[in-house]
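Here is how the chains run, residue by residue.
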Amino acid sequence: MGNSKTISVMDKLVSLTKRRGFIFQSSEIYGGINSCYDYGPLGIEIKKNIKDLWWKAMVYERDDIEGIDASILMHPRVWEASGHVEGFTDPLVDCKKCKARFRADQLDEAICPNTKKPITDECKSNFTDQRSFNLMFKTFMGPLEDAANQVFLRPETAQGIYVNFHNVRESARKKIPFGIAQIGKAFRNEVTPGNFIFRTREFEQMEMQYFVKPDEDEKWFEYWKDKRMNWYRRLGIREGKLRFNEHTDNELAHYAKTAFDIEYEFPFGWHEIEGIHNRTDFDLNRHMEYSGKDMRFFDDQANERYIPYIIETSIGCDRTLLTTLVDAYEEEEERVVLRLAPAVAPIKVAIFPLVKKDGMPEIAEKITNDLRGEYRIFYDDSGSIGRRYRRMDEAGTPFCITVDSETLSDGTVTIRYRDSMKQERIEQNNIKKFLHKEILSI
Ligand code: ATP
């Protein structure tokens, strides 16, 4: 992490997310387990919203992409074919003095976990020689814990898509170009997890692999670059905070011809949130070689058989969630507010009776019951109205509805906007229409 100011923003966010039930340390009552987190009642709602927005853009709004949900444990040969057994490694060094561990390829920006300061030349003089470390988690299938029964927790969801290429193509009667989308957990035994949920060892990916004619790869690559950057508008992320970063020849993964990351400016610097890769015919070629199955596609119009190229868009769900929180977090003089886009916000609307008398609670409860089932909503009749608004501001709730004395006389309610704190009166009968328009407007 960077200077103390940025650290404090992250620290405040971590404490807010715990206090309000977004994110908890895993196994906290046992002292926690490094880099594992649990999503609480508000966090799970954001996560679900992000996944829904992604699925909507990638699957429901198109007819050339199908979804799947492949298993986490796969045949071990998959990971030989993919290159992970041999090459999914990080170089690491250990400090002989303080026992801290570092990625040898990230020493320039390394912060010592013990001193919390950037590492020095003196630190470097105490480092061990570089070692390679495979990031795949291993386990055993069945009761015998021997090499023959070793399997891996998948380090990416993509391979589950490649091995199902023909299954999906045939069953869904797809022709090239078409894509397969998947959301699911992936596991990487990261050397240096950290920055809260930015880099963890268990995380969720949202990946879409698009199969194209080999000579159309560059066109589709540009298409997906554009599409994916535009998607972040739906999440309400500020545009100046996003940029592309192209991988240089040295940085390109073994399978990639071209790769661009979409990066976000976190308090701890610019970092990748999504990768867009031209994986060429590498993966299907390798699976053809290792499985002995023909992975080619027969193009009946061109009357030719070929291995499609793959354009991959791969995004971390947890990292996107962190992005939405960081981007939305704001401290004002009187309040802390999460300016989450309505579509992302965990609770869409809170309903309050101004006071607990004169029939106001009954009307507020009726409004609550009418909205229940459509949105995640929250009814609150305790404490001052100002306090109730502030509580919803820091939970990111975009709208509050208050039943007050005017409601009793003319049937209108107050709508209070989180961002501007502006208040307007609307007809009770128009609440649903109003929310529908505001929440689904992106
Ligand atoms: P990094 O360079 O940050 O390790 P990567 O280039 O290895 O990432 P990819 O393999 O391209 O990442 O994975 C695609 C996406 O999955 C990333 O953009 C990120 O959002 C997410 N991701 C990857 N590793 C992690 C992790 N350890 N924790 C959380 N999300 C991750």
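These numbers come from a predicted model, not from an experiment.

About the thresholds
- Residues numbered from 1 in each chain as written.
- Predicted model: local features only at pLDDT ≥ 70, side-chain atom pairs only at ≥ 80, totals over all residues.
- Heavy atoms only, no water.
- Helix = DSSP H or I, 4+ residues; strand = E, 2+ residues; numbered from the N terminus.
- Buried < 20%, exposed > 50% of the residue type's maximum accessible area, 1.4 Å probe, protein only.
- Expected span 1.5 Å × (residues − 1).
- Contact = heavy atoms within 4.5 Å.
- Phe/Tyr/Trp six-rings, centres within 6.5 Å; stacked < 30°, edge-to-face > 60°.
- Domains from an automatic or database assignment.
- Salt bridge = Lys/Arg side-chain N within 4 Å of Asp/Glu carboxyl O.
- Pairing = 2+ DSSP bridges.
- Axes fitted to C-alpha atoms, helices over the stretch in contact; angles between N-to-C directions.
- Near = heavy atom within 4 Å.
- Polar contact = N/O pair within 3.5 Å; in protein donor to acceptor, adjacent residues only side chain to side chain.
- Areas by Shrake-Rupley, 256 points an atom, 1.4 Å probe, with all protein chains shown as cover.
- Nonpolar A, V, L, I, M, F, W, Y, C, P; charged D, E, K, R; others polar.

1. Structural notes on unusual backbone geometry
With the exception of glycine, the majority of residues adopt a negative phi angle, and the majority of peptide bonds are in the trans configuration.
Right, so step 1: Note the cis peptide between Ile-176 and Pro-177, where omega equals 5°.
Right, so step 2: Topologically, Pro-177 is positioned in the loop between α7 (165–171) and β9 (178–187).
Right, so step 3: One non-glycine residue, Lys-116, lies in positive phi territory at about 65°.
Right, so step 4: Of note, Lys-116 is situated in the loop between β5 (101–103) and α5 (121–125).
Right, so step 5: Even without glycine at this site, Asp-358 takes up a positive phi of about 60°.
Right, so step 6: Tracing the chain through its elements places Asp-358 in the loop between β19 (349–353) and α11 (360–371).
Right, so step 7: You can call Asp-358 exposed: its relative accessible area is 52%.

2. A look at α11
Right, so step 1: A rise of 1.5 Å per residue sets the reference length of α11, with its 12 residues, at 16 Å; its end C-alpha atoms lie 17 Å apart and thus fit the reference within 8%.
Right, so step 2: Those residues of α11 hidden inside the fold are in contact with β19, β20 (377–379), β21 (399–403), α13 (405–410), β22 (412–417) and α14 (431–439).

3. Topic: helix α9 (residues 282–291)
Right, so step 1: Regarding α9, the residues found buried are Phe-282, Asp-283, Leu-284, Arg-286 and His-287.
Right, so step 2: Residues of α9 that are buried sit in contact with α3 (76–81), α6 (158–162), α7, β10 (202–212) and β16 (309–316).
Right, so step 3: Gly-292, located one to two residues past α9, shows a positive phi value of around 75°.

4. Brief notes about the packing of aromatic side chains
Right, so step 1: Per the stated rule, a full pass over the model turns up 22 aromatic pairs.
Right, so step 2: With a centroid separation of 5.9 Å and 50° between ring planes, the pair formed by Phe-221 and Phe-260 is classed as tilted. Of this pair, Phe-221 sits in helix α8 (residues 217–234) while Phe-260 is found in strand β12 (residues 258–266), placing the two residues 39 residues apart along the sequence. Residue Phe-221 shares its accessibility class with Phe-260, and that shared class is buried.
Right, so step 3: A ring pair is formed by Tyr-417 and Phe-434, whose centres lie 6.1 Å apart and whose planes are at 75°; its orientation type is edge-to-face. Here Phe-434 lies in helix α14 and Tyr-417 lies in strand β22, a separation of 17 residues in the sequence.
Right, so step 4: Relative accessible area serves as the criterion here: at 14%, Phe-434 is assigned to the buried category.

5. What about the domain arrangement of the protein?
Right, so step 1: When cut into domains, the protein gives domain 1 (4–76 + 152–327) and domain 2 (336–439).
Right, so step 2: Taking the mean C-alpha position of each, domain 1 and domain 2 sit 35 Å from one another.
Right, so step 3: The interface is formed by 14 residues belonging to domain 1 together with 14 residues belonging to domain 2.
Right, so step 4: Inspection of the domain 1/domain 2 interface yields three salt bridges.

6. Let's talk about the sheet that holds β21
Across a sheet, paired strands are connected by hydrogen bonds in the backbone, their directions being either parallel or antiparallel.
Right, so step 1: The mixed open sheet is built from five strands, whose spatial order is β20-β19-β21-β22-β23. A strand with exactly one partner marks an edge of an open sheet, and here the two such strands are β20 and β23 (423–427). Within this sheet the neighbouring strands show an average axis-to-axis angle of 25°, counted without direction.
Right, so step 2: Summarising the sheet, β19 and β21 pair through five bridges and their orientation is parallel. For Pro-353, the partnering residue across the bridge sits in β21 and is Val-403.
Right, so step 3: Seen against the sheet, α11 touches β19, β20, β21 and β22 and runs at an angle of roughly 160° to β19.
Right, so step 4: With respect to the sheet, α14 is in contact with β19, β21, β22 and β23, its orientation differing from that of β21 by roughly 170°.

7. Some words on the site of the ligand
Right, so step 1: In the vicinity of the ligand there are 15 residues, among which Glu-190, Arg-199, Thr-200, Glu-272 and Ile-273 approach most closely.
Right, so step 2: The contact in question runs from an oxygen atom of the ligand to an N or O atom on the backbone of Glu-274, over 3.5 Å.
Right, so step 3: Alone, the ligand offers 590 Å² of accessible surface; in the complex the protein occludes 85% of this.
Right, so step 4: Those elements that provide at least two residues to the shell around the ligand are β10, β13 (269–278) and β16.
Right, so step 5: If you tally residues by element for the shell around the ligand, the top one is β13, at five residues.
Right, so step 6: Of the residues in the shell around the ligand, the class split is three nonpolar, six polar and six charged.

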